[in-house]
Amino acid sequence: MQAQTEGRRDANLALLLRALRARGPLSRTQLADWSGLSKATVAPLLTDLEHRGLVERAGTTTTQGRPGRLVRLRPGAVCGIGLDVRPGHLGVTVTDLTGETRVRRQVACDTGVPEHALDRLADLTRRVLDDVPRAGWAGVTVAIPGRVDRVTGTATSARLRWRDVAVVDGLAARTGLPIGRLDLDTEANLAACAEHDRDPVDDLVYLTGDHDVTAAVIANGALVRGADDHAGEVGHLALDPLGGTYCACGRRGCWATQVGLDAFLHACAPHHDRVHDPALSPGERMTIVRTRAERGDARTLDALHRTAEALARGLAVLTTLLDPGKIVLGGYFAALRDWLVPPPRHGGTAVTASTLGFAAGGVGAALAAVRRVLDDPAALPVEAGGPRGGGPA
Ligand SMILES: [Zn+2]
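Please read all numbers here as calculations on a predicted model, not as lab measurements. (Residues numbered from 1 in each chain as written. Predicted model: local features only at pLDDT ≥ 70, side-chain atom pairs only at ≥ 80, totals over all residues. Heavy atoms only, no water.)

Novice: Just give me the short version of the nonpolar core, but keep the residues and values in it.
Specialist: Soluble globular proteins tend to pack their nonpolar side chains together in the buried interior. Leu207, Trp255, Phe264, Leu311, Tyr332 and Phe333 are the most contacted members of the largest nonpolar core, which totals 36 residues. Those elements giving two or more residues to this core turn out to be strand S12 (204–207), strand S13 (215–219), helix H7 (255–259), helix H8 (261–268), helix H9 (282–295), helix H10 (298–322), strand S15 (326–329) and helix H11 (331–335). With seven residues, the single largest contributor to this core is H10. Counting residues in each nonpolar core, the second largest holds 34 residues, with Val94, Ala122, Ile144 and Val148 among its members. (Core = buried A, V, L, I, M, F, W, Y, C linked by side-chain atoms within 4.5 Å. Buried < 20%, exposed > 50% of the residue type's maximum accessible area, 1.4 Å probe, protein only. Helix = DSSP H or I, 4+ residues; strand = E, 2+ residues; numbered from the N terminus.)

Novice: Break down the packing of helix H6 (residues 187–198) against helix H13 (residues 360–375) for me, with residues and values.
Specialist: Look at H6 against H13: their axes get within 7 Å of each other, and the N-to-C directions meet at 75°. When the interaxial angle is binned, H6 and H13 end up roughly perpendicular. Counting all contacts with H6, which are made through Glu187, Leu190, Ala191, Ala194, Glu195, Asp197 and Arg198, the residues of H13 involved are Ala360, Gly361, Val363, Gly364, Ala365, Leu367, Ala368 and Arg371. Classifying every residue of the contact of H6 with H13 by side-chain character gives eight nonpolar, two polar and five charged. (Axes fitted to C-alpha atoms, helices over the stretch in contact; angles between N-to-C directions. Parallel < 35°, antiparallel > 145°, perpendicular 65-115°, else oblique. Contact = heavy atoms within 4.5 Å. Nonpolar A, V, L, I, M, F, W, Y, C, P; charged D, E, K, R; others polar.)

Novice: For the domain arrangement of the protein, give the residues involved together with the corresponding values.
Specialist: We note that the domain assignment places domain 1 (2–74), domain 2 (79–191 + 360–375) and domain 3 (200–355) within the protein. For domain 2 and domain 3, the distance between their C-alpha centroids amounts to 24 Å. Tallying the contact residues gives twelve residues for domain 2 and 19 residues for domain 3. Roughly 1300 Å² is buried in total at the junction of domain 2 and domain 3, and carbon and sulfur atoms are behind 47% of that figure. The three residues of domain 2 that bury the most area against domain 3 are Arg147, Arg159 and Asn189, which together make up 38% of that side's buried surface. (Domains from an automatic or database assignment. Buried area = accessible area lost by both parts, 1.4 Å probe.)

Novice: Which residues make up the coordination of the zinc ion, and what values go with them?
Specialist: In this structure, His236 (ND1), Cys247 (SG), Cys249 (SG) and Cys254 (SG) serve as the protein donors to the zinc ion, at separations of 2.0 to 2.3 Å. Angles of 105 to 119° at the metal separate the four donor atoms of the zinc ion, which places the site in the tetrahedral class. Motif for the zinc ion, donor spacing along one chain: H-x10-C-x1-C-x4-C. Exposure class is identical for Cys247 and Cys254. Each is buried. (Donors = N, O, S within 2.8 Å, 3.2 Å for Na, K, Ca; no water. Tetrahedral: all angles 85-135°; square planar, octahedral: opposite > 155°, others 65-115°.)

Novice: Give me the sheet that holds strand S16 (residues 350–353): which residues, what numbers.
Specialist: Strand order in the open sheet made by the five strands is S14-S13-S12-S15-S16, with mixed pairing throughout. Looking at strand neighbours, the two that pair on one side only are strand S14 (222–224) and S16, the edges of this open sheet. Going across the sheet, the axis of each strand differs from the next one's by a mean of 25°, ignoring polarity. Where S12 and S15 come together, four bridges link them in parallel fashion. Along S15, the bridge assignment pairs Tyr206 with Val328. Sheet strands in contact with H10 are S12, S13, S15 and S16, and its direction is about 150° off that of S12. (Pairing = 2+ DSSP bridges.)

Novice: Which residues make up the side chain of Asn12, and what values do they have?
Specialist: One can find Asn12 in helix H1 (residues 2–23). On the accessibility criterion, Asn12 (11% relative accessible area) is buried. Setting aside anything within four residues of it in sequence, one finds Asn12 in contact with Leu37 and Leu45.

Novice: Account for the layout of surface pockets, naming residues and giving values.
Specialist: Empty space within the largest pocket amounts to approximately 1000 Å³. If you go around the largest pocket, you meet 40 residues; those closest to its centre are Gly146, Ala158, Asp212, Thr214 and His236. Only strand S8 (147–149), strand S9 (154–157), H6, S13, H7 and H8 provide two or more residues apiece to the lining of the largest pocket. Per-element accounting of the lining of the largest pocket gives the leading share, four residues, to S9. Of the domains in this structure, domain 2 (79–191 + 360–375) and domain 3 (200–355) are the two that each give at least three residues to the lining of the largest pocket. Listed by contribution, the elements that provide at least two residues to the lining of the second largest pocket are H1, strand S11 (182–186), H6, S14 and H13. Looking at the lining of the second largest pocket element by element, the count peaks at seven residues for H13. Considered class by class, the residues forming the lining of the second largest pocket number twelve nonpolar, five polar and ten charged. (1 Å grid on protein atoms, 1.4 Å probe; cavity = no way out; pocket = protein on both sides within 12 Å on 5 of 7 lines; lining within 4 Å. Points joined across faces, edges and corners; volume = space filled by probe spheres on them.)

Here is the structure:
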């Protein structure tokens, strides 16, 4: 009986946090209306959240002629750490409870050697943890451009040349952080969640615009993972199986051979051109391409035109199959939105460019990490003496 009451109380704490996240500052009366709880129930829950350092006072409001004190999520109180891995580069993102990105850093790294990459990821994690109060971090989530096993915490990625790499165990061993607060997911899934967090439409498809082209599907507000967690590998839709280019998967004419970043860059410039320089980040390469397109470079414009056509052909398949409310194009599709994103249509599926670009996976990872506290605020300790000190600057 006791456990049941505590379970209900924890669920109500989470309910109030979600309300404040979705609606901004609210009074006790507004929170009671929104949650369906009584004001007498809301009051001690708010005190609890305040003692955990999660909410703070935010002035007053007048509802139905009566003044009420407003509360809001405390900026910087709790942080989620997102790590992202791409060939040659690692990223770290720190997001707080309100969803605001507080830190975003990228470093070059030889990611082909998993041990090196894990060493550097552990360094990045330790460095940002120095800026976050120890009790004030929710967890660490790693975004992987490939397949993950979320039960064993391992990742396999052809792009990274990783096979069954023990990411979670490796990070736990290097940082000493509890394994229960570390996890991983695919870059596409996490990026989709980041986009959904900004615009919570019920049915959303996110498409990575990178070497691999992968979709993440959110249906009725929930991620579609598939029976083996492999849903969304749309880069291997055989759009030209007879005449197309051979794909790394062994088949011909896969969509990724037409619109993957490698294919696009090779259409843009010969192999010795600096857009192929692995030392440059994808964002830097896209700046070069954009400058050339704006100057009217014929080869660049031809590559953009053909890629836009091939992109539209695949998007038509996704739209027919899933009828999403919105498709968000990420990665280089977003960086080159002026040429690649189809114009808005009246009715049907809206196709938009991600505003997060290549950072979407990292931002989504940090949000996934902070979601642990949004889902279960009681997991954070109540500190003696009330609210904690400030979060990271
Ligand atoms: Zn393929």
